[in-house]
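Commentary on secondary and tertiary structure
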Amino acid sequence: MNPAQRCPLCGQGNACALADGAPDIQACWCFAARIDPAVLERLTPEQRDLACLCPACAGVVEAAERDRRSEQD
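Quick look at the structure, then. Since we're looking at a predicted model, the values are computed, not measured. (Residues numbered from 1 in each chain as written. Predicted model: local features only at pLDDT ≥ 70, side-chain atom pairs only at ≥ 80, totals over all residues. Heavy atoms only, no water.)

1. Side note on the overall build of the protein chain
Within the protein chain, the regular secondary structure consists of two helices and zero strands. Per-residue burial over the protein chain gives 22% buried out of 73 residues. Within the protein chain, residue pairs in contact and separated by at least 24 positions form 52% of the contacts whose partners lie at least 6 positions apart. For the protein chain, the computed accessible surface area is about 5,100 Å², with 54% contributed by carbon and sulfur atoms. (Helix = DSSP H or I, 4+ residues; strand = E, 2+ residues; numbered from the N terminus. Buried < 20%, exposed > 50% of the residue type's maximum accessible area, 1.4 Å probe, protein only. Contact = heavy atoms within 4.5 Å. Areas by Shrake-Rupley, 256 points an atom, 1.4 Å probe, with all protein chains shown as cover.)

2. Some words on the layout of surface pockets
As a volume, the largest pocket reaches approximately 270 Å³. Every residue lining the largest pocket is counted, 15 residues in all, and those nearest its centre are Asp49, Leu50, Ala51, Cys52 and Leu53. Split by residue class, the lining of the largest pocket holds 13 nonpolar, no polar and two charged. (1 Å grid on protein atoms, 1.4 Å probe; cavity = no way out; pocket = protein on both sides within 12 Å on 5 of 7 lines; lining within 4 Å. Points joined across faces, edges and corners; volume = space filled by probe spheres on them. Nonpolar A, V, L, I, M, F, W, Y, C, P; charged D, E, K, R; others polar.)

3. Section: the side chain of Gln5
Along the chain, the position of Gln5 falls in the segment before helix H1 (37-41). On the basis of relative accessible area, Gln5 is assigned to the buried category, the value being 18%. Once you skip the residues sitting within four places of it in the chain, Gln5 turns out to touch Gln12, Gly13, Asn14, Ala19 and Asp20.

4. A word on unusual backbone geometry
One non-glycine residue, Ala15, lies in the positive phi region at around 55°. As for its placement among the helices and strands, Ala15 is situated in the segment before H1. One non-glycine residue, Asp49, lies in positive phi territory at about 65°. Tracing the chain through its elements places Asp49 in the loop between H1 and helix H2 (60-72). The exposure class of Asp49 is exposed, given its relative accessible area of 81%.

5. Things to note about the nonpolar core
Residues Cys7, Val39, Leu43, Leu53, Cys54, Cys57 and Ala58 constitute the largest nonpolar core, which totals seven residues. Contacts of Ala58, omitting those with residues within four sequence positions, involve Trp29, Ile35, Asp36, Val39 and Leu53. (Core = buried A, V, L, I, M, F, W, Y, C linked by side-chain atoms within 4.5 Å.)

6. Some thoughts on the side chain of Asn14
Tracing the backbone shows Asn14 in the segment before H1. Judged by relative accessible area, which is 0%, Asn14 ranks as buried. Reaching out from Asn14, the side chain makes a polar contact with the backbone oxygen of Ala4 at a distance of 2.9 Å. Filtering out sequence-adjacent residues up to four positions away, Asn14 remains in contact with Ala4, Gln5, Arg6, Cys7, Trp29, Ala51, Cys52, Leu53, Cys54 and Pro55. (Polar contact = N/O pair within 3.5 Å; in protein donor to acceptor, adjacent residues only side chain to side chain.)

Below is the structure:
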């Protein structure tokens, strides 16, 4: 796996469509994601703009779970 395919925070695969060679970057999960700016602040200057976060580190997994729970209530 090349470095652009790894989350800079946890090192796991980031599921980035661009890093995976998708022809349309808008197909990436991050285009529909709401990423907390505080999460981005955790990145060091050396980590910025080199690779995408993974959905878990970006908080997308937790946000989706909260949304699902609130829809059930």
